[in-house]
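# Results of the structural survey
Each chain, written out:
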Amino acid sequence: MNKEFIYRELLNILDEECIKVDEPMKKHISFKVGGPADFLVKPKTEEELSQIIKFVKKENIPFLVIGNGSNLLVKDGGIRGIVIELSDNFNNFEIDGTIVKAQSGALLAVLGRNVMKSSLTGFEFAAGIPGTLGGALAMNAGAYGGEMKQVVKSVRLMDMDGNIFELSNEEMQFGYRKSILSTKNYIVLSAVMELKVGDLDEIKDIMADYSNRRSTKQPLNFPSAGSTFKRPEGHFAGKLIDDCGLRGLSLRGAQVSEKHCGFVINSGDATAKDILDLIFIVKSTVNAKFGIMLEEEVKILGED
């Protein structure tokens, strides 16, 4: 891979400040670990994004699209090719009556506060999820009995040829922590959501309750990627881990959270390998004791 050639071609598409070379991924994911990406780019428009996609396809350059990196674990060897970050420059939204239109990089917390101010209900579950709308749609994020598929009307996407199209709620194929994006290489550009008019005080109370539950039960003061494991059918990952006596188990800079065993956290200066080794120990121990193989909810990317 000719990095000088790639850089020159990217300069034909993006402003220089939107291109970073050998960028440490620990700066871009909530786990605060991960080696360098060959290139990290931040397109400002859909046209720039389309040109990047056409370029990487033509030159057969590996690439990855991320939001704010809240559900990712990048390995210590980093990521080859180009990381396309859609967060800061893709975060516009508008509220018109009960309809919310938002770009994929909009933070769920920011959207949550603004729909609350408009006395709209139905989005309270998402307001405390530390991610972007794009990531939430890709995995049908949910909490406290709510999930994205309950509020989404349509999603605007880009395919690998740079073409833009829309899919309805049904066409998105939402399931438990998955969507059509689990099997198709589409990029989320924006979405239209429909909420309901509610009582402002009631909405505030619900959001305050959810926020309190998160802060008292989750290790929000440590770097992590949220719930490390998916919920196994008929069980809770955190309880299985706790019942194995793994609460607080440390491995170098990684730890099973004392507060919530479903979270593996960066308790100090962890490497990605520390976290991955601890995840392996947790999965092996739970499988040996209960015959249940936990599955990661966090997406693991990059090279060792």
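Keep in mind that what you see is a predicted model, and the values were worked out from it rather than measured.

### Some points on the side chain of R214
- Within the secondary structure, R214 is located in helix α5 (residues 200–217).
- Among buried charged residues, R214 stands out as having no salt bridge; its nearest opposite-charge side chain is D209, 9.3 Å away.
- Excluding anything up to four places from it in sequence, R214 contacts F125, G128, I129, A143, Y144 and L220.

### Re the nonpolar core
- Among the nonpolar cores identified, the biggest contains 36 residues, and M25, L73, I241 and I275 are the most heavily contacted of them.
- Elements supplying a minimum of two residues to this core: β2 (36–41), β3 (63–66), β4 (72–74), β5 (79–85), α6 (237–243), β16 (254–256) and α7 (272–290).
- With 7 residues, the single largest contributor to this core is α7.
- Setting aside residues no more than four positions away along its own chain, L73 makes contact with I29, F31, V33, A272, I275, L276, I279, V298, K299, I300 and L301.
- In this structure, L111, M139, I180 and V188 belong to the second largest nonpolar core, which totals 32 residues.

### A look at the packing of aromatic side chains
- Taken as a whole and assessed by the stated rule, the structure comprises 4 aromatic pairs.
- With a centroid separation of 6.1 Å and 55° between ring planes, the pair formed by F123 and F125 is classed as tilted. One exposure class covers both F123 and F125, and it is buried.

### Comments concerning the UniProt feature "domain: FAD-binding PCMH-type" (unreviewed entry) in the chain
- Sequence positions flagged by UniProt for "domain: FAD-binding PCMH-type" (unreviewed entry) are, in local numbering, residues 33–198.
- Structurally, residues 33–198 is divided into 17% helix and 34% strand, and its ends, taken at the C-alpha atoms, are 41 Å apart.

### Structural notes on the packing of helix α3 (residues 108–117) against α5
- Closest axis-to-axis distance for the α3/α5 pair is 9 Å, and the angle between their directions is 155°. One way to sum up the angle between α3 and α5 is to call them roughly antiparallel. Residue-level contacts link G112, R113 and M116 of α3 to L200, I203, K204 and M207 of α5.
- The residue inventory of the contact of α3 with α5, partitioned by class, reads 4 nonpolar, 1 polar and 2 charged.

### Digging into the UniProt feature "active site" (unreviewed entry) in the chain
- Mapped onto this numbering, the UniProt entry annotates "active site" (unreviewed entry) at R177, S227 and E297. Taking the farthest pair of C-alpha atoms as the criterion, the annotated set spanning 121 residues converges on one region, since that pair is 11.8 Å apart.
- Inspection of the secondary structure puts R177 in the loop between β12 (164–168) and β13 (187–194).
- What makes R177 buried here is its relative accessible area of 16%.
- Dropping the residues within four chain positions of it, R177 is found in contact with M139, N140, A141, G142 and E297.
- One polar contact links the side chain of R177 to the main-chain carbonyl oxygen of G142, over a distance of 3.2 Å.
- Relative to the helices and strands, S227 resides in the loop between α5 and α6.

### Structural notes on the pairing of strand β6 (residues 93–96)
- In the sheet, β6 pairs with strand β7 (residues 99–103) via 4 bridges, with the strands oriented antiparallel. Across the sheet, the residue bridging to I95 is V100, located in β7.
- Two successive antiparallel strands, β6 and β7, enclose a turn made up of 2 residues, where G97 displays a positive phi of approximately 65°.

### Topic: the domain arrangement of the chain
- Domain annotation of the chain identifies domain 1 (3–85), domain 2 (93–217) and domain 3 (237–301).
- In this structure, domain 1 and domain 3 have C-alpha centres spaced 29 Å apart.
- Counting residues at the interface gives 10 residues for domain 1, matched by 15 residues for domain 3.
- A buried area of about 1,100 Å², summed over both sides, lies between domain 1 and domain 3, and 67% of it is on carbon and sulfur atoms.

Here is what the cut-offs are and how they apply
- Residues numbered from 1 in each chain as written.
- Predicted model: local features only at pLDDT ≥ 70, side-chain atom pairs only at ≥ 80, totals over all residues.
- Heavy atoms only, no water.
- Helix = DSSP H or I, 4+ residues; strand = E, 2+ residues; numbered from the N terminus.
- Buried < 20%, exposed > 50% of the residue type's maximum accessible area, 1.4 Å probe, protein only.
- Lys, Arg positive; Asp, Glu negative; His and termini not counted.
- Salt bridge = Lys/Arg side-chain N within 4 Å of Asp/Glu carboxyl O.
- Contact = heavy atoms within 4.5 Å.
- Core = buried A, V, L, I, M, F, W, Y, C linked by side-chain atoms within 4.5 Å.
- Phe/Tyr/Trp six-rings, centres within 6.5 Å; stacked < 30°, edge-to-face > 60°.
- UniProt positions renumbered as here; feature names shortened; annotations may be inferred.
- Axes fitted to C-alpha atoms, helices over the stretch in contact; angles between N-to-C directions.
- Parallel < 35°, antiparallel > 145°, perpendicular 65-115°, else oblique.
- Nonpolar A, V, L, I, M, F, W, Y, C, P; charged D, E, K, R; others polar.
- Polar contact = N/O pair within 3.5 Å; in protein donor to acceptor, adjacent residues only side chain to side chain.
- Pairing = 2+ DSSP bridges.
- Domains from an automatic or database assignment.
- Buried area = accessible area lost by both parts, 1.4 Å probe.

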